[in-house]
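# Report on the structure
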Amino acid sequence: MKKILLLFMLFVTIQAKSQIFVGGSVGYNSIHNDESGNTQAVFKISPGIGITLTKKWSLCLGVTYLNKEEEYNKFHISPSIRYTAFGIGTVSFIFDTGFDYATGKDKTHELGKQKFNEWNINMKPGIVLNFSDRVWFVAHIAQLGFKREKWENSKSTTVWGAGIDMDNIDMGLYFSF
């Protein structure tokens, strides 16, 4: 009983000092191949929710749906921990470290239509631009991580990576309560 009461008191204390936020990003790309003349659409939606524990630490949970027309569909779930390193005026520099699990279906795999699962551990540096106490813009500009993919009828693939490129840039708008 004492443990339950202690957990309840801890939850109430965290809730009183914390701030809940919601937001996310939406993306659309059109890719045209000059050689084949084909154009593909890529659509991504990434809503998220989080809780600010202290001025430096937050817990986040994001989900992402990614659709690359005629190639694949992918669904991600991504819990992470955000550390705010420092801020200058309305700009803060952050590091999001988390675990990502994805599942989907690839329509162009060499073995035919294939289901796949992947998980990765990553760290994404970024910036936060505070428009007000309740509204801010977040941009991640790179990624350092480890990814493991498992295809339905084939062996696993392991990838280590670090990079700053268009695949690693994401931007979103967040609102706090």
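Residues numbered from 1 in each chain as written. Predicted model: local features only at pLDDT ≥ 70, side-chain atom pairs only at ≥ 80, totals over all residues. Heavy atoms only, no water.

### Things to note about the overall build of the protein
Scanning the protein from terminus to terminus reveals one helix and ten strands. When the helices and strands of the protein are read in sequence order from the N terminus, they spell out α-β-β-β-β-β-β-β-β-β-β. Residue burial in the protein is summarised as follows: out of 177 residues, 32% are buried. Across the protein, the fraction of contacts at a sequence separation of at least 24, relative to all contacts at a separation of at least 6, is 51%. (Helix = DSSP H or I, 4+ residues; strand = E, 2+ residues; numbered from the N terminus. Buried < 20%, exposed > 50% of the residue type's maximum accessible area, 1.4 Å probe, protein only. Contact = heavy atoms within 4.5 Å.)

### Considerations on the packing of aromatic side chains
In this description, an aromatic ring pair is defined by two values, namely the gap between the centres and the angle between the planes. Overall, the coordinates contain seven aromatic pairs when judged by the stated rule. Look at Trp119 and Phe146: their rings are 5.4 Å apart centre to centre, the planes differ by 55 degrees, and that puts the pair in the tilted class. Here Trp119 is found in strand 6 (residues 114-130), whereas its partner Phe146 is found in strand 8 (residues 143-151), with 27 residues between them in sequence. A relative accessible area of 33% places Trp119 in the partly exposed class. Classification of Phe146 as buried rests on a relative accessible area of 17%. Taken together, the ring pairs connect Phe99, Trp119, Phe146 and Trp160 into an aromatic cluster. (Phe/Tyr/Trp six-rings, centres within 6.5 Å; stacked < 30°, edge-to-face > 60°.)

### Considering the pattern of salt bridges
For the structure on display, the rule yields five salt bridges. Residue Lys74 is joined to Glu118 by a salt bridge in which the shortest nitrogen-to-oxygen separation is 3.4 Å. Highlighted residues: Lys74 in strand 4 (residues 72-88) and Glu118 in strand 6, separated in sequence by 44 residues. With respect to class, Lys74 is no different from Glu118; both count as buried. Of the charged contacts, one joins Asp170 and Lys124 as a salt bridge, the two residues approaching to 3.7 Å between their closest N and O atoms. Taken as a pair, Asp170 in strand 10 (residues 170-176) and Lys124 in strand 6 lie far apart in primary sequence, 46 residues in all. (Salt bridge = Lys/Arg side-chain N within 4 Å of Asp/Glu carboxyl O.)

### Quick look at a positive patch on the surface
Among the surface-exposed residues, Lys105, Lys107, Lys113 and Lys115 lie close enough to one another that they form a single positively charged patch. You can see Lys115 is positioned in strand 6. Lys115 sits in the partly exposed class, given a relative accessible area of 49%. (Patch = residues over 30% accessible without salt bridge, like charges linked within 9 Å, V, L, I, M, F, W, Y side chains within 5 Å. Areas by Shrake-Rupley, 256 points an atom, 1.4 Å probe, with all protein chains shown as cover. Lys, Arg positive; Asp, Glu negative; His and termini not counted. Charge placed at Lys NZ, Arg CZ, Asp CG, Glu CD.)

### Concerning the side chain of Asn120
With respect to the helices and strands, the residue Asn120 is situated in strand 6. In terms of polar contacts, Asn120 uses its side chain to reach the side chain of Asn122, at 2.7 Å. (Polar contact = N/O pair within 3.5 Å; in protein donor to acceptor, adjacent residues only side chain to side chain.)

### Points about the confidence of the model for the protein
Model confidence for the protein is summarised by a mean pLDDT of 84, while 85% of its residues fall at 70 or above. Across the protein, the secondary-structure element scoring lowest on mean pLDDT is helix 1 (residues 2-17), at 57, and the one scoring highest is strand 4, at 94. (pLDDT = per-residue confidence, 0-100.)

### Topic: the environment of Lys113
By the element assignment, Lys113 lies in the loop between strand 5 (91-106) and strand 6. For Lys113, a relative accessible area of 60% corresponds to the exposed category. As a C-alpha pair, Lys113 and Glu152 span 39 residues in sequence and 9.3 Å in three-dimensional space. If we ignore the near neighbours within four places in the chain, the residues touching Lys113 are Lys105, Asp106, Lys107 and Glu152.

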